[in-house]
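Structural overview
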Amino acid sequence: MNLRFTKMHGAGNDFVVLDGTRTPIELTPDQLRRLGDRRFGVGADQILLVEPAQTPGVDFRYRIFNNSGDEVEHCGNGARCFVKFVHQRGLTERKSIKVETVNNLLALELQDDGRVTVDMNRPIFELARVPFDAAGLSSRREGNFELWPLDVGEGRRVEVAVLSMGNPHAVQRVVDVREAPVLALGPVIEAHARFPNKVNAGFMQVLGRDQIALRVFERGAGETLACGTGACAAVVAGIRLGWLDRRVDVQARGGLLTVEWPADEATVRMTGPAETVFEGEIQL
């Protein structure tokens with residue numbers, strides 16, 4: 001089959017975006033892996049599939065696949081690219097859009113400066129819903145949150161804040177994110193037995209009460225240049241732990257994101273860039 005695609009990125013987190021609004025697109029895991037392959041395909045962290053909404057009052061549905069071929073729940077950077085995509089394709093003229101994912105309903109807004117704000121919904125702290133198996137563990141409380149010990153092999157242990165932004169996250173604080181053992185510890189934490197659905201592993205350096213630097217080893221994708229849900233999870237964890245204010249600039253390796261969590265009962269809002277790189281066609 002010949003497949004038209006658009007290559008996009010949000011702060012360096014890159015995507016292959018497909019328009020399934022007029023003609024349904026069904027791809028096998030092998031075809032998804034081919035699309036995501038940086039040598040034999042187009043190359044991307046994730047593949048985004050735009051589809052007609054299935055729920056009244058919702059504008060679109062979109063599905064998210066890692067370059068490993070697995071479908072996942074949420075991607076904040078992908079949501080921003082989604083907004084730019086449907087505008088550039090002429091699929092809508094609305095600046096405020098509602099979109100459904102496999103487990104969520106998102107409100108997205110295209111700003112006048114071209115950046116996109118995503119309402120990421122409320123964070124989830126119930127361990128069973130993350131999910132995280134804390135059986136036999138004792139947490140250490142700091143501020144208004146808990147840090148959980150994780151054994152990572154060779155007698156080493158790290159403390160992580162555990163929460164979900166629609167997908168699971170384990171966030172640890174590091175002294176210098178540039179020197180953090182992301183590629184060594186990331187895969188260990190991602191596949192840790194305490195996380196039955198695996199987890200995104202975040203490494204956060206606090207630069208000030210309104211600024212952090214962040215690297216994320218994403219579940220099923222490895223380290224990416226930016227992770228929207230990871231940025232939100234890190235900021236929410238930092239706020240509850242007493243390290244951060246309610247509005248924080250997140251410096252990812254691929255660019256700057258701004259995360260706001262006005263109150264504990266509020267939703268999390270993330271603002272950042274979304275760019276089209278090129279369009280093309282591939283034979284699968």
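Reference entry: report on the structure contained in this document.

The rules behind each value
Residues numbered from 1 in each chain as written. Predicted model: local features only at pLDDT ≥ 70, side-chain atom pairs only at ≥ 80, totals over all residues. Heavy atoms only, no water. Helix = DSSP H or I, 4+ residues; strand = E, 2+ residues; numbered from the N terminus. Buried < 20%, exposed > 50% of the residue type's maximum accessible area, 1.4 Å probe, protein only. Contact = heavy atoms within 4.5 Å. Areas by Shrake-Rupley, 256 points an atom, 1.4 Å probe, with all protein chains shown as cover. Lys, Arg positive; Asp, Glu negative; His and termini not counted. Charge placed at Lys NZ, Arg CZ, Asp CG, Glu CD. Core = buried A, V, L, I, M, F, W, Y, C linked by side-chain atoms within 4.5 Å. Arc of directions from axis to C-beta. Polar contact = N/O pair within 3.5 Å; in protein donor to acceptor, adjacent residues only side chain to side chain. Pairing = 2+ DSSP bridges. Phe/Tyr/Trp six-rings, centres within 6.5 Å; stacked < 30°, edge-to-face > 60°. Salt bridge = Lys/Arg side-chain N within 4 Å of Asp/Glu carboxyl O.

Here we come to the overall build of the chain. Secondary structure summary: the chain contains four helices and 19 strands in total. Each of the three principal axes of the chain carries a C-alpha extent, and together these read 50 × 40 × 35 Å. Taken across its 284 residues, the chain has 57% of its residues classed as buried. Here the analysis covers contacts within the chain between residues at least 6 apart in sequence; of these, 60% occur between residues at least 24 apart. When the accessible surface of the chain is totalled, it reaches about 12300 Å², and 46% of it is carbon and sulfur. The distance from the centre of the 34 positive side-chain charges to the centre of the 38 negative ones in the chain is 1 Å.

Among the nonpolar cores identified, the biggest contains 57 residues, and Tyr-62, Phe-82 and Val-250 are the most heavily contacted of them. Counting residues per element, this core draws most heavily on helix α4 (residues 228–240), at eight residues. The residues touching Phe-82, leaving out its near neighbours within four places in the chain, are Val-50, Phe-60, Tyr-62, Ile-97, Val-99 and Leu-108. In this structure, Val-152, Val-162, Val-174 and Phe-203 belong to the second largest nonpolar core, which totals 22 residues.

Turning to helix α1 (residues 29–36), a few remarks are in order. Taken residue by residue, α1 has Gln-31, Leu-32, Leu-35 and Gly-36 as its buried positions. Buried positions in α1, seen along its axis, are confined to an arc of 135° and lie on one side of it. Contacts from the buried residues of α1 go to β1 (2–10), β2 (13–19), β3 (46–52), β4 (60–66) and β19 (275–283).

As for its placement among the helices and strands, Asn-200 is situated in strand β13 (residues 200–208). Separated by 2.8 Å, the side chain of Asn-200 and the backbone nitrogen of Arg-219 make a polar contact. Excluding residues that lie within four positions of it along the chain, Asn-200 makes contacts with Asn-167, Pro-168, His-169, Ala-170, Val-216, Phe-217, Glu-218 and Arg-219.

Moving on: the pairing of strand β8 (residues 116–119). Burial along β8 is two-sided: the face carrying Val-116 and Val-118 and the face carrying Thr-117 and Asp-119 are both buried. Judged from the four bridges that link them, strand β7 (residues 105–110) and β8 form a sheet pairing that is antiparallel. Opposite Glu-109, over in β8, you have Thr-117 as the bridge partner. Where β7 folds back on β8, the antiparallel hairpin that results is connected by five residues, among which Gly-114 adopts a positive phi of roughly 95°.

With that settled, the discussion passes to the packing of aromatic side chains. If you walk through the whole model with that rule in mind, you get seven aromatic pairs. Centre to centre, the rings of Tyr-62 and Phe-82 are 5.1 Å apart; their planes meet at 35°, and the pair counts as tilted. You can see Tyr-62 sitting in strand β4 and its partner Phe-82 sitting in helix α2 (residues 76–88), a full 20 residues away along the chain. An angle of 50° between the planes, with centres 6.3 Å apart, marks the rings of Phe-125 and Trp-261 as tilted.

With the rule as written, the count across this model stands at 24 salt bridges. The residue Arg-61 makes a salt bridge to Glu-51 at a minimum N-O spacing of 2.6 Å. Pair noted here: Arg-61 is in strand β4 and Glu-51 is in strand β3, with a separation of ten residues, a long-range link. Using a relative accessible area of 11% as the deciding quantity, one classes Glu-51 as buried. Residues joined in a network through salt bridges with shared partners are Lys-7, Asp-14, Arg-38 and Asp-45.

Let us look at the environment of Lys-84. With respect to the element layout, Lys-84 can be found in helix α2. Judged by its relative accessible area of 14%, Lys-84 is buried. Expressed as a C-alpha distance, the spacing of Lys-84 and Gly-114, which sit 30 residues apart in the sequence, is 8.5 Å. Those residues in contact with Lys-84, other than ones at most four positions away along the chain, are Met-8, Leu-110, Gly-114, Val-116 and Ala-274. At 2.7 Å, the side chain of Lys-84 and the backbone oxygen of Ala-274 are in polar contact.

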